[in-house]
Amino acid sequence: MFELSRRKLLAAGAALGLAATSVAPAFAQDGKETVKAAFVYVGPVGDYGWTYAHDQARLCLEKNLGDKVETSYVENVAEGPDAERVIRQLAQDGNDIVFTTSFGFMNPTIKVAKQFPDVKFEHATGYTTGGNANMGLYNSKFYQGRAVLGTIAAKMSKSGKAGYVASFPIPEVVMGINAFQLAAQKINPDFKTQVVWVNSWYDPAKEADATRALLSQGADVITQHTDSPAPLQAAEEAGAIAFGQAWNMESFAPNAHMTAIVDQWCPYYTGRIQALLDGTWEADNVWLGMKEGEVEMAPFNEKMPEDVKAAAQKIVDDTKAGTYEIFTGPIKDQSGEVKIPEGEVIPEGDLLKMDWYVEGVQS
């Protein structure tokens, strides 16, 4: 399913060329001359992380398709009843498609999609559409970037311990923690990753406090699955190294910031709106990564030793080539028991519901 969807999306992207001049001059039957698209964000557009990346993609979409698309967004939408209200209002306002961009928006999106069968809905990072033919799913293999971060962390850490500022214990976050730790273990078998949960996607004060607590417990590397630059800034103050989240955050911590996972959503959004213009949109389920260009790494800090840069780049290159998969056994769980036998790769379906931690994760 994922491979078929990937090919379809790549074909759309190739046809687009990601330029305003690439809009098809003619429209297929049942297509649209213009599309009205709305985006629902869990955080502020100025978080410089997850929401910022989606909004940069929205702006890129407008640039690519010009007057063929009209976009709007609602930011700082809480996951829960408020999300359902916002999504329903956007459907009532005449939007052709609504993109809901946080895990906790899944069930509200399913409910509203049933009520508005003529509106298209797409949900990021979810696992079910509830049977709605007018709802699609899309996701990014962020964990591939976590493996790069784990490699850098283990090679540069002096204490052999990283601190991980985490949002919520959902599969997306759990698999990222595990990928980071597994990659670090390949460099240093005794490496540990201490996790602190802040139970928020965006709370700079909590994120900074969590970072300071982790540093006080012996971590000298900080990584995060939260959306503000606060962990990086706290690491910068302490002289530790750290990694950005979802976008290049180097400007907030020029010494601490070694690299970041960068989410490139623009090709996906452009392709999906073009499908509506062409009359070819179908509910889909895609999970794209480095190979497709949806996951990138920010430039490596010039302060990184050359051997560290080379090791990190090799992970990137091999992942793109399809010769590196971090979730390949043998993999032990926290208890030290073999969870995944040698040579076996965890299926994508199992990754998407991952609820256990690998050896060396302290949560």
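What counts, and at which threshold
- Residues numbered from 1 in each chain as written.
- Predicted model: local features only at pLDDT ≥ 70, side-chain atom pairs only at ≥ 80, totals over all residues.
- Heavy atoms only, no water.
- Pairing = 2+ DSSP bridges.
- Helix = DSSP H or I, 4+ residues; strand = E, 2+ residues; numbered from the N terminus.
- Buried < 20%, exposed > 50% of the residue type's maximum accessible area, 1.4 Å probe, protein only.
- Axes fitted to C-alpha atoms, helices over the stretch in contact; angles between N-to-C directions.
- Parallel < 35°, antiparallel > 145°, perpendicular 65-115°, else oblique.
- Left-handed = near helix turned anticlockwise from the far one by under 90°.
- Contact = heavy atoms within 4.5 Å.
- Nonpolar A, V, L, I, M, F, W, Y, C, P; charged D, E, K, R; others polar.
- Salt bridge = Lys/Arg side-chain N within 4 Å of Asp/Glu carboxyl O.

Glancing now at the sheet that holds strand 12 (residues 295-297). Here seven strands make up an open sheet; going across it, the order is 12-10-9-8-6-7-15 and the pairing mixed. Of all the strands in the sheet, the pair left with one neighbour each is strand 12 and strand 15 (361-362). Two elements, strand 8 (residues 221-225) and strand 9 (residues 241-244), share two bridges in a ladder whose sense is parallel. Residue pairing in the sheet places V221 in a bridge with I241 of strand 9.

With that settled, consider the pairing of strand 8. Of all five residues making up strand 8, five are buried, and the element is well covered by its neighbours. Side chains of strand 8 alternate between two faces, with V221, T223 and H225 and I222 and Q224 buried alike. As paired elements, strand 6 (residues 161-166) and strand 8 share five bridges and run parallel to each other. Looking at the pairing, A162 lines up with V221 of strand 8.

Before going further, it helps to spend a moment on the pairing of strand 6. With respect to burial, strand 6 is a largely interior element, six of its six residues being buried. In strand 6, alternate side chains face the same way, and those of K161, G163 and V165 on one face and A162, Y164 and A166 on the other are all buried. Bridging between strand 6 and strand 7 (residues 192-197) involves six bridges; their strand directions are parallel. Following the sheet pairing, G163 is matched in strand 7 by Q194.

This brings us to unusual backbone geometry. In this chain, G329 is followed by P330 through a cis amide linkage whose omega measures 10 degrees. Here P330 is to be found in the loop between helix 10 (306-321) and strand 13 (331-332). Although it is not a glycine, Y48 sits at a positive phi angle of roughly 60 degrees. Among the secondary structure elements, Y48 is positioned in the loop between strand 1 (35-40) and helix 2 (50-65).

Okay, the packing of helix 7 (residues 204-216) against helix 8 (residues 230-238) next. Following both chains from N to C, one finds helix 7 and helix 8 inclined at 40 degrees, their axes separated by 8 Å at the closest point. The angle between helix 7 and helix 8 falls in the class oblique. For the pair helix 7 and helix 8, the crossing hand works out as right-handed. Counted together, P204, E207, A208, T211, R212 and L215 of helix 7 and A230, P231, A234, A235, E237 and A238 of helix 8 form the full contact between these two elements. When the residues that make up the contact of helix 7 with helix 8 are grouped by side-chain class, the tally is eight nonpolar, one polar and three charged.

Taken as a whole and assessed by the stated rule, the structure comprises 14 salt bridges. A salt bridge links R58 to D55; the nearest nitrogen and oxygen atoms lie 2.7 Å apart. Residue R58 and its partner D55 are located together in helix 2, separated by three residues, close to a single helical turn. Overall, R58 belongs to the buried group, its relative accessible area being 7%. With relative accessibility at 6%, the residue D55 sits in the buried group. Of the charged contacts, one joins R88 and E84 as a salt bridge, the two residues approaching to 2.7 Å between their closest N and O atoms. Here the residue R88 and the residue E84 both occupy positions in helix 3 (residues 81-92), the gap between them amounting to four residues, near one helical turn. Exposure remark for R88: the relative accessible area of 22% places this residue in the partly exposed category. Classification of E84 as buried rests on a relative accessible area of 17%.

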